[in-house]
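# Analysis of the macromolecular model
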Amino acid sequence: MGSAVITARAAATFDPVGRSVATARAFVRDTLQGWGHSELVDDAVVLTSELVTNAVVHAGTQADVLCLRTEDGIRVEVGDRYPEREVPLQGTGLSLGGPDREGGRGLLLCAALASKWGVEYTPTQKHVWFQLDLPQRPVGTRLAGPVLTDAMLPVADGRIRVAVVQIDRIGAIASWNEDAEDLFGYAPEQVTGKPLTDLAAWPQTPGIGTGIAEALQMSRWEGSYGIRGEDGRVVPVYASHLRVRDNEGEPSTVCLLVRDVERAVLQTPQRPPSVDAAGGSHVEGRATDPFEVFIGSPAPDDLDGLLQRTVERARDMLDADSAFLLLATDDETELEVRATTGLPSARQRFARVPVEAGTGRYGSARMPAVHEDLAAVPGAVPLLNGTGMRSVVTVPLKVEGRLTGSLGVAAEAAGRYTNEEALRLQFAADRIALAVESARLGELERLRRGSLSFLVEASDLLAGTLDRDQTLALMAQMTVPTLATWCAVYTIADQASDPYLSYVLHEDEERIDGLKALLSRINPPDPVPTPGARIWNAPGEAAHQAALRTSMRSLGLGSTPHLGSGIGTTLATAAAVGGETVVLPLVARNRVIGMLTLGKPTDDHFRQEILELAEDLSRRAALALDNARLYSERMAISQSLQRSLLPPELPHVPNVEVEVIYRAAGEGNEVGGDFYDLFPIRDGAYGFAIGDVCGTGPQAAAVTGLARHALRLLAREGFGGPAVLERLNAAILDEGERSRFLTLLYGELWPQEDGSSILKIVCAGHPLPLRLRQDGTVTPAAEPQPLLGVMEDLELYEETITLDPGDVLLCVTDGITERREGTRMLGDDGLAEVLAGCTGLTAGAVAARVLRAVERFAAEPASDDMAILAMRVPEPLKQ
């Protein structure tokens, strides 16, 4: 800058991410408008955008932006951390590149737009700077722009169209000129008398909360919104509204509208109000609110915008190098960083410091404090540790005597501030404290409403599954990226087991493997049941050490093994877990069943409201996870017990084909009220059974187990069929209230040397077995007799039949014959018809065809257990 006197400065640092370009543009725009140089904003924003893009996108480093104001002009410096990158300099004869190239375009624009520009190097940084001279304003003009070449003038259509629309007292369109018809496609008769709100897409102007109806009532208004054209598309426009009245006193609003890209035709740059000695200002002869003087008008209607504007104004007011604003937590024990400017990095957002950092007034945020040299009292202002700031003044923000925040400004030089500056800053803090608290309460209310909706949705999702793995996945997916950048879930099987890393998720899928490798190599957090989030430093420290070892190895300074597959993976993992990491216990039924770990990237912190929301989520997730565990354990026990009720592998019966198909009704049931069995009794004799206990589910399965095991025991004791069933009937009745009636088909099978088989059958209340002969005839193979579990004295008898080669005996339960579709039922006749078409088929094919016919009979799933037992005597092979 030579000998030019710097009258104001503003600085900010932007991370190497794409969104930083837009943030840098907003920073420069707000700074220059705050200094009253709106006429330089467009050129400065364009140049800054290109230079910051080169730094954060192409060079991949942080971008440091510094704005300086002098009596002659504005200088903006953009620095990056990539000094080796070749940059063409003035006067070297090197090409600056073309406007269509990515590289060099920023310097090309500097040459075209800036009064002066240049590039400066240091061993660690490269600075590209440009200077815009203040235009000479001729006497009598409100605003004048510099003389530009034709090529630098804004591009517009061949003819600028200015729509003139007049709106009457009730907001309806009263007049509509030709340019309005050309711009939006409506003829005057189509829109006259209609409210403008029917056509306006509101709002388009960021930070403006005023509606179109309110804007039409103001005496003067300028801004952007959209008009829906006749083709349905929204045309962005810039509008200038003027409220007038006619000779009879009838008010109306005249609206001038141009395409938003041609806003320069109508836009009137704001001029800062002149401030009087009392801290107020005068606009058109009236005093304005000191709050508006400090913040600017219009004030941002969102909390973050208000806080950022506050720190920038505070920095400018005291000609500081940086400023910061912290908000107090609900219990007023900690302060949370919410806005900074001019500090080495804005990534300390949401970091927390104690309200009472030491003894005396200088250690408390409740009182104003001036530190002439922080080097003499290191740690006095924890937020500024390592930033290079030497002198600082801090003042409290209070509402009705309650501490709501702290505002501070700092400078790199020592001895910059006295009590006089503290009083000026306190005066400003008193002006904004109520507005900040109101905006903070509004943000908290919105956050709490959002948190309630989030927790309701989370509870519904967690309650919708009893699968453990799916529950773990849902826990992680609900926290990333809504609450944290990455998440890890540890589970504990029992009190004697160590925590196990069960699930890892990162918002960038490419980081998951590196993160999982890192966490698997460090000890898990301690399973402490204390509620709330606690800091866990191990991942960040391990990632830092791994990155250090990898970097040293890449330089040939060591050979220590490192995490990841290379330096890129290791450094990316270190950046991913380099921020704040917290652990929340998963406690269910008074036992720690795991830990939920949430993390942020480098230097990032959690805000207190997010941690409280995460704590609520962890309680719900813990109960859902424990329910899934209990369900899995009980399902495993149930399935194991049910499998024990099924017969083991069926024995091989000489010269007889046997096929069984079994389907239990109900989700998760492997055994129900239907059962079957085939077992050897003695040499050459086999017992078989198929039965149906009244009902389904576990209660019926209990009687199933009793019946199957009793049949085997009694048959092997030498009892005949009737005696076996009579004793089984007595055993069922002995169960008392737990007893259930039972239909049972029991028989004994003797394969014969001539290829036939003799069967002795007792059918106790069960669907009759069907015999299929080789000629296709189907007949019942037994007669019905009383069922079991009802009467004490039964007189049962057995019937003997002979199955010739090629014959089939089909035994089913009533789940087959009572299959229904509306009022239709398959029945015994329907089953016989299906069986008649099975001549010549094997036993397996017969059973499969019967099942297929039953399933096709009705569209709805079966509501009853089904069992099919098919036995066939094969025909002798032809010679």
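Residues numbered from 1 in each chain as written. Predicted model: local features only at pLDDT ≥ 70, side-chain atom pairs only at ≥ 80, totals over all residues. Heavy atoms only, no water.

### Thoughts on the pairing of strand β20 (residues 402-411)
For a regular strand, side-chain orientation follows a simple rule: the groups alternate between the two sheet faces. Rules: The cut-offs for exposure are 20% and 50% of the maximum accessible area for each residue type, with area from a 1.4 Å probe on protein chains only; residues under the lower value are buried, those over the upper are exposed, and the others partly exposed. Each helix is a run of H or I in the DSSP string that is no shorter than four residues. Each strand is a run of E no shorter than two, and both are numbered from the N terminus. Two strands pair if DSSP finds at least two bridges between them.
Taken across its 10 residues, β20 has nine buried, putting it largely inside the fold. In the sheet, strand β15 (residues 322-328) pairs with β20 via six bridges, with the strands oriented antiparallel. The residue bridging F324 from the neighbouring strand is G408, located in β20. Alignment of strand β19 (residues 391-399) against β20, held across nine bridges, turns out to be antiparallel.

### Comments concerning the sheet that holds β19
Where we set the bar: A fitted line through C-alpha atoms represents every axis, and for helices the fit uses only the stretch in contact; the resulting angles, taken between N-to-C directions, go from 0 to 180 degrees.
With antiparallel pairing, six strands are arranged side by side in an open sheet as β17-β16-β15-β20-β19-β18. At either margin of the open sheet sits one strand with a lone partner, and together these are β17 (352-354) and β18 (369-371). On average, each strand axis in the sheet is tilted by 25° relative to the strand beside it, whichever way the strands run.

### Considerations on helix α2 (residues 41-59)
Stated formally: One fewer than the residue count of a helix, multiplied by 1.5 Å, yields its expected span. To get the bend at a residue, fit one axis to the 7 residues ending there and another to the 7 starting there, then take the angle between the axes.
Helix length check: α2, at 19 residues, gives a terminal C-alpha distance of 25 Å against a target of 27 Å (1.5 Å per residue), a fit within 8%. Where α2 bends most, the angle comes to about 25°, and this point is T53. For α2, the buried fraction is high: 14 of the 19 residues fall into the buried class. One or two steps after α2, the chain reaches G60, where phi turns positive at roughly 70°.

### With respect to empty space enclosed by the protein
Quick reminder of the rule: In this analysis the probe radius is 1.4 Å and the grid spacing 1 Å, with only protein atoms considered; a cavity is a set of points the probe fits into but cannot get out of, a pocket is an open set with protein on both sides within 12 Å along at least five of seven lines, and lining residues have an atom within 4 Å of a point. Grid points are joined across faces, edges and corners, and a volume is the space filled by probe spheres set on the points. Amino acids outside the nonpolar list (Ala, Val, Leu, Ile, Met, Phe, Trp, Tyr, Cys, Pro) and the charged list (Asp, Glu, Lys, Arg) are all regarded as polar, and Gly is one of them.
One pass over the structure, following the stated rule, counts five cavities of 30 Å³ or more. In this structure, the second largest cavity spans a volume of roughly 140 Å³. Lining of the second largest cavity is provided by 14 residues; of these, A328, T329, E336, R440 and E609 occupy positions nearest its centre. Listing elements by their share of the lining of the second largest cavity, those giving two or more residues are β15, β16 (334-341), α9 (419-463) and α14 (608-645). At four residues, the largest contribution of residues to the lining of the second largest cavity is made by α9. Partitioning the lining of the second largest cavity into residue classes produces three nonpolar, two polar and nine charged.

### As for a nonpolar patch on the surface
Rule in force here: A patch consists of residues whose relative accessible area exceeds 30% and which take part in no salt bridge; residues with like charges are grouped when within 9 Å of each other, and nonpolar side chains (Val, Leu, Ile, Met, Phe, Trp, Tyr) when within 5 Å. Computed with a 1.4 Å probe, the accessible areas rest on the Shrake-Rupley method; for each residue, only the protein chains presented here act as cover. Within this document, salt bridges are pairs made up of a side-chain nitrogen of Lys or Arg and a carboxyl oxygen of Asp or Glu, the two lying within 4 Å of each other.
Residues F741, V790 and M791 make up a contiguous nonpolar surface patch of roughly 270 Å² in combined accessible area. Mapped onto the fold, M791 is located in the loop between β32 (778-780) and β33 (799-803).

### Some thoughts on the sheet that holds strand β31 (residues 770-772)
Filter applied, for reference: In what follows, residue pairs with any heavy atoms lying within 4.5 Å of each other are defined as contacts.
What the five strands build is an open sheet, ordered β26-β37-β34-β31-β32; its pairing is antiparallel. Edge strands, defined here as strands with exactly one partner in the open sheet, are β26 (657-663) and β32. Each neighbouring strand pair of the sheet contributes to a mean axis angle of 20°, computed without reference to strand direction. Contacts from helix α18 (residues 827-836) reach β31, β32 and β34 (808-812), with the element oriented near 25° to β31. Together, β26, β34 and β37 (866-872) form the strand contacts of helix α19 (residues 843-857), whose direction differs from that of β26 by roughly 25°.

### Let's talk about the packing of aromatic side chains
The line we're drawing: The aromatic pairing rule takes the rings of Phe, Tyr and Trp, using the six-membered ring of Trp, and pairs them if the centres are within 6.5 Å, calling planes under 30 degrees apart stacked, those over 60 edge-to-face and the rest tilted. Comment: the charge-over-ring label is applied if NZ (Lys) or CZ (Arg) is within 6 Å of the ring centre and within 35 degrees of the ring normal.
Following the criterion strictly, the structure yields five aromatic pairs and no others. Here W176 and Y186 contribute two aromatic rings whose centre-to-centre distance is 6.4 Å and whose plane-to-plane angle is 75°, an arrangement assigned as edge-to-face. Here the residue W176 occupies a position in strand β7 (residues 173-176), and Y186 occupies one in the loop between α4 (178-184) and α5 (188-191), the gap between them amounting to 10 residues. Y186 carries the same exposure label as W176, and that label is buried. Geometrically, the ring pair formed by Y662 and Y676 is tilted, given 5.9 Å between the ring centres and 50° between the ring planes. With Y662 in strand β26 and Y676 in strand β27 (residues 674-682), this pair connects stretches of sequence that are 14 residues apart. Take Y662 and Y676: they sit in the same class, and that class is buried. Here the aromatic residues W176, F184 and Y186 are joined through ring pairs into a cluster of three or more. Against the face of W129 rests R75, its NZ or CZ located 4.2 Å from the ring centre. A cation over a ring is seen here: R431 above F427, with NZ or CZ 4.5 Å from the ring centre.

The quantities given are spatial measurements derived from coordinates; they are silent on function.
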